[in-house]
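# A look at the structure
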Amino acid sequence: MSKIYASMLSIGAYSPERRLTNVDLEKMVDTSDEWIVKRTGIKERRIAADDQAASDLGVLAARQAIERANLAIGDIDLIIAATLSGDFLFMPSTAAVIAGKLGAINIPAFDALAACSGFIYALATAKAYIESGMASNVLIAGAEASSRFMDYSDRSVCVLFGDGAGAAVIGATDDPSAAIIDTKIASDGTQWDNLYIDGGGKNPIREGKPYRPFIRMKGNETFKLAVRALSSDVAEILARNNLKASQIKHFIPHQANLRIIKAVSETLGLSEEQVVLTIERYGNTGAASIPMAINDLYESGKLNKGDLMLLDAFGGGLAWGSALARFGGDAGR
Ligand code: UT7
């Protein structure tokens, strides 16, 4: 019997219509367009409509990914969602809510909780399910409505994040030239207080106590840890697969900060043409940023079947990861 590989069969995304520009933020906190662009590379981000939760964004991205894979909802046998701004506090999972809205009943659905790295954690899990024969078509979705968890008086965080969703169908193939080659995921829980959202069991919601479920981040510490972890991580995943950075067609990093992306790209010696950037238009969309960036590439007609992608992400946990994958779907138009 030939070996079963996992393959990214399709990509889809959704970005809400409402825009929040740097100029808008200048009116809300003590900041400037110049500071935000220089320190982060962000110009604007999208904000979910009042009646849209993370699952609603995820469903729109998921439907597009399933359609582009030429599959029906009934062909999906596992759904994994990645989010740091899900519809509910821990239960039900956002994956279950997405599954329900899609009409995918009676299949397993769970969240890969690894904050901004969640999409890579979901990808690694989908790959394992498919290679072990436990699933045939896995829908993975990164969906964020992080504006709901934003303290719009905290200038160090609120200028960074935006809402959006991206999804992919990971399916089985016997074609190694369309396969997800490798994934590498890691965490360091001793560093949790660099990036978190309060209100869980450690600091429970109690009557009379103000509930402030906001994203809190020690930006500068997180920045340094991200550059260090990602630079060695991407070098390691390339080395253990005997690949050189020059063989990467598209480097698709989590879009947290342009300076982090540039530092990692420079360590690898990547050219500008290899690096996919969406941060200017969407900001940091958490677990959705990588699939949204893949989708941008796909819709601009630059992603072809067999193209070698290097993905990397870093975020709360702390958790990080990278993946090497050949695109397994047909080229976008
Ligand atoms: O997706 C999850 C992973 N996230 C990340 O990896 C994000 C990592 N961190 C970052 O992207 C950057 O650290 C930030 C963009 C958040 C901040 O950039 P920085 O170069 O690390 O700045 P800093 O925190 O060291 O702050 C420098 C100065 C401070 O003022 P003083 O103390 O020097 O007077 C801040 O108060 O910039 C000030 N500052 C701002 N000024 C204008 C912080 N935020 C703002 C702001 N507008 N929005």
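Below you will find a few notes about this structure. (Residues numbered from 1 in each chain as written. Predicted model: local features only at pLDDT ≥ 70, side-chain atom pairs only at ≥ 80, totals over all residues. Heavy atoms only, no water.)

## A word on the packing of aromatic side chains
- Taken as a whole and assessed by the stated rule, the structure comprises four aromatic pairs.
- A centroid spacing of 5.3 Å and a plane angle of 70° characterise the contact between tryptophan 192 and tyrosine 196, whose relative ring orientation is edge-to-face.
- The exposure class assigned to tryptophan 192 is partly exposed, which follows from its relative accessible area of 39%.
- Accessibility expressed as a relative area gives 30% for tyrosine 196, which makes it partly exposed.
- On the basis of an interplanar angle of 65° and a centroid distance of 6.2 Å, the ring pair of tyrosine 298 and phenylalanine 327 is categorised as edge-to-face. Of this pair, tyrosine 298 sits in helix α10 (residues 289–299) while phenylalanine 327 sits in the segment after β13 (319–326), placing them 29 residues apart in sequence. (Phe/Tyr/Trp six-rings, centres within 6.5 Å; stacked < 30°, edge-to-face > 60°. Buried < 20%, exposed > 50% of the residue type's maximum accessible area, 1.4 Å probe, protein only. Helix = DSSP H or I, 4+ residues; strand = E, 2+ residues; numbered from the N terminus.)

## Thoughts on the pairing of strand β6 (residues 137–144)
- Of all the eight residues making up β6, eight are buried; the element is thus mostly covered by neighbouring parts of the structure.
- Going residue by residue along β6, you find Asn137, Leu139, Ala141 and Ala143 tucked away on one face and Val138, Ile140, Gly142 and Glu144 tucked away on the opposite face as well.
- Here eight bridges tie β6 to strand β7 (residues 164–173), and the two strands are oriented antiparallel to one another. Bridged to alanine 141 within β7 is alanine 167. (Pairing = 2+ DSSP bridges.)

## Notes on the site of the ligand
- Around the ligand, 24 residues are found, and the nearest of them are Thr31, Asn220, His254, Asn257 and Asn284.
- Between a nitrogen atom of the ligand and a main-chain N or O atom of glycine 219, the distance comes to 3.0 Å.
- In this structure, an oxygen atom belonging to the ligand sits 2.8 Å away from a side-chain N or O atom of histidine 254.
- Protein contact buries 74% of the 960 Å² of open area that the ligand shows by itself.
- Residue assignment for the shell around the ligand shows that the elements contributing at least two residues are α2 (33–40), α6 (155–158), α7 (219–239), α8 (258–268) and β12 (308–315).
- Here the element with the most residues in the shell around the ligand is α7; it accounts for four residues.
- Broken down by class, the residue content of the shell around the ligand amounts to ten nonpolar, ten polar and four charged. (Near = heavy atom within 4 Å. Polar contact = N/O pair within 3.5 Å; in protein donor to acceptor, adjacent residues only side chain to side chain. Areas by Shrake-Rupley, 256 points an atom, 1.4 Å probe, with all protein chains shown as cover. Nonpolar A, V, L, I, M, F, W, Y, C, P; charged D, E, K, R; others polar.)

## Some words on the packing of helix α3 (residues 54–68) against helix α4 (residues 94–102)
- Direction vectors running N to C along α3 and α4 enclose 60°, while the axes themselves pass 9 Å from each other. By the angle between their axes, α3 is oblique relative to α4. Every pair of crossing elements has a handedness; the one defined by α3 and α4 is right-handed. Contacts between α3 and α4 involve Ser55, Asp56, Gly58, Val59, Ala62, Arg63 and Ile66 on the former and, on the latter, Thr94, Val97, Ile98, Lys101 and Leu102.
- Residues that form the contact of α3 with α4 fall into these classes: six nonpolar, three polar and three charged. (Axes fitted to C-alpha atoms, helices over the stretch in contact; angles between N-to-C directions. Parallel < 35°, antiparallel > 145°, perpendicular 65-115°, else oblique. Left-handed = near helix turned anticlockwise from the far one by under 90°. Contact = heavy atoms within 4.5 Å.)

## As for the sheet that holds strand β4 (residues 78–82)
- Across the sheet, which stays open at both edges, the five strands sit in the order β1-β7-β6-β4-β5 with mixed pairing between neighbours. The strands lining the two open edges of the sheet, one partner per strand, are β1 (5–14) and β5 (109–111). Between one strand axis and the next, the sheet turns through 20° on average, direction left out of account.
- Bridge count between β4 and β5: three bridges; the pairing is parallel. Bridge pairing in β5 links isoleucine 80 to phenylalanine 110.
- Contacts from α3 reach β1, β6 and β7 within the one sheet, and its direction differs from that of β1 by about 125°.
- Running over the sheet, helix α5 (residues 118–131) touches β1, β4, β5, β6 and β7 and is turned about 170° from β6.

## Digging into the sheet that holds strand β11 (residues 250–253)
- Judged by pairing direction, the sheet is mixed, and its four strands sit side by side in the order β8-β13-β12-β11 without closing on themselves. The open sheet terminates on both sides in strands that have one partner only, identified here as β8 (180–187) and β11. Direction aside, the axes of adjacent strands within the sheet are offset by 10° on average.
- Looking at chain direction, β12 and β13 are connected through eight bridges and run antiparallel.

## Notes on the pattern of salt bridges
- This structure, assessed with the given rule, holds 14 salt bridges.
- In this structure, aspartate 50 engages arginine 18 in a salt bridge whose closest nitrogen and oxygen atoms are separated by 3.1 Å. Of this pair, aspartate 50 sits in the loop between β3 (44–47) and α3 while arginine 18 sits in strand β2 (residues 18–21), placing them 32 residues apart in sequence.
- Classification of aspartate 50 by relative accessible area gives exposed; the value is 70%.
- Residue glutamate 44 is joined to arginine 19 by a salt bridge in which the shortest nitrogen-to-oxygen separation is 2.8 Å. Of the two residues, glutamate 44 sits in strand β3 while arginine 19 sits in strand β2, which places them 25 residues apart along the sequence.
- What makes glutamate 44 buried here is its relative accessible area of 17%.
- One connected set of salt bridges, linked through shared partners, spans Asp151, Asp154, Arg212 and Arg216. (Salt bridge = Lys/Arg side-chain N within 4 Å of Asp/Glu carboxyl O.)

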